[in-house]
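The primary structure of each chain is shown beneath.
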Amino acid sequence: MNGWLIAATVGLAGGLGTALWGVATGPLRRRVVAQNLSTALACPGLLLLSQAYNRPSYVDLGLVLALLGPVGTLVFARLLADELAKDPPRAWGPTWTVAGLGAAAVIALCVATGPSRAMVKLLVIGVLLISGNILASRALSGGFRGVRGG
């Protein structure tokens, strides 16, 4: 067992366990935030597992999750816009915490990987993960000022 595996286990078990509880219980506003945060927690977990087991294919799964996770949240935000407008979620603390966790994981993995194409891929995944999570959280909390839905 190495440090990468321990970090992945702590991140996945603690974060995804909490997100699963949030998705399964509570009001709609907590469930959609938990769904968004679960994808933002699973991606760094996959990246850490990739380093722990020396499996580069796990990085590709992280890339797919970094792309599709926020898109799924945006679909939920659009479909549930009327219900969420009545009681919009406000979860900037957890959103920034998960974004920081993703940034820390990507930076640590970039240092371990060294300058290469793999590092560029990790940086792209980090940018997609963090920006997608923040944009999806903003969409859940009511959208952007001055932008009207169609």
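As shown above, the structure is provided for reference.
### Points about the overall build of the protein chain
Next up, step 1: The helix and strand inventory of the protein chain stands at six helices and zero strands.
Next up, step 2: Taken from the N to the C terminus, the helices and strands of the protein chain come in the order α-α-α-α-α-α.
Next up, step 3: Scaling as 2.2 N^0.38, a compact globule of 150 residues should have a C-alpha radius of gyration of about 15 Å, and the protein chain matches this with 16 Å.
Next up, step 4: When the backbone C-alpha atoms are referred to their principal axes, the protein chain occupies close to 45 × 30 × 25 Å.
Next up, step 5: Across the 150 residues that make up the protein chain, the buried fraction comes to 37%.
Next up, step 6: Accessible surface for the protein chain amounts to roughly 8,400 Å². Of this, 68% is attributable to carbon and sulfur atoms.

### Section: the nonpolar core
Next up, step 1: In terms of nonpolar packing, the biggest core is built from 26 residues, with C43, L47, L122, I125 and L140 touching the most fellow members.
Next up, step 2: For this core, the secondary-structure elements that each account for two or more residues are α1 (3-24), α2 (28-53), α3 (57-79), α5 (92-113) and α6 (117-140).
Next up, step 3: Ranked by residues supplied to this core, first place goes to α2 with 10 residues.
Next up, step 4: When sequence neighbours within four positions are dropped, the list of residues in contact with L47 reads V59, V106, L109, L122 and I125.

### Quick word on the packing of aromatic side chains
Next up, step 1: Summed over the entire model, instances satisfying the criterion amount to zero aromatic pairs.
Next up, step 2: Against the face of W21 rests R30, its NZ or CZ located 4.5 Å from the ring centre.

### Quick look at unusual backbone geometry
Next up, step 1: The phi torsion at N54 lies on the positive side, around 55°, for a residue other than glycine.
Next up, step 2: Residue position: N54 is located in the loop between α2 and α3.

### Description of the packing of α5 against α6
Next up, step 1: Where α5 contacts α6, the two axes come as close as 9 Å, and the packing angle between them is 180°. In terms of orientation, α5 and α6 fall into the roughly antiparallel class. Each of W92, T95, W96, V98, A99, G102, A103, V106, L109, C110 and T113 in α5 lies in contact with α6, whose residues at this interface are A118, M119, L122, L123, G126, L129, I130, N133, I134, S137 and R138.
Next up, step 2: Class assignment of the residues belonging to the contact of α5 with α6 gives a composition of 15 nonpolar, six polar and one charged.

What counts as what
- Residues numbered from 1 in each chain as written.
- Predicted model: local features only at pLDDT ≥ 70, side-chain atom pairs only at ≥ 80, totals over all residues.
- Heavy atoms only, no water.
- Helix = DSSP H or I, 4+ residues; strand = E, 2+ residues; numbered from the N terminus.
- Rg over C-alpha atoms; globule rule 2.2 N^0.38 Å.
- Buried < 20%, exposed > 50% of the residue type's maximum accessible area, 1.4 Å probe, protein only.
- Areas by Shrake-Rupley, 256 points an atom, 1.4 Å probe, with all protein chains shown as cover.
- Core = buried A, V, L, I, M, F, W, Y, C linked by side-chain atoms within 4.5 Å.
- Contact = heavy atoms within 4.5 Å.
- Phe/Tyr/Trp six-rings, centres within 6.5 Å; stacked < 30°, edge-to-face > 60°.
- Lys NZ or Arg CZ within 6 Å of the ring centre and 35° of its normal.
- Axes fitted to C-alpha atoms, helices over the stretch in contact; angles between N-to-C directions.
- Parallel < 35°, antiparallel > 145°, perpendicular 65-115°, else oblique.
- Nonpolar A, V, L, I, M, F, W, Y, C, P; charged D, E, K, R; others polar.

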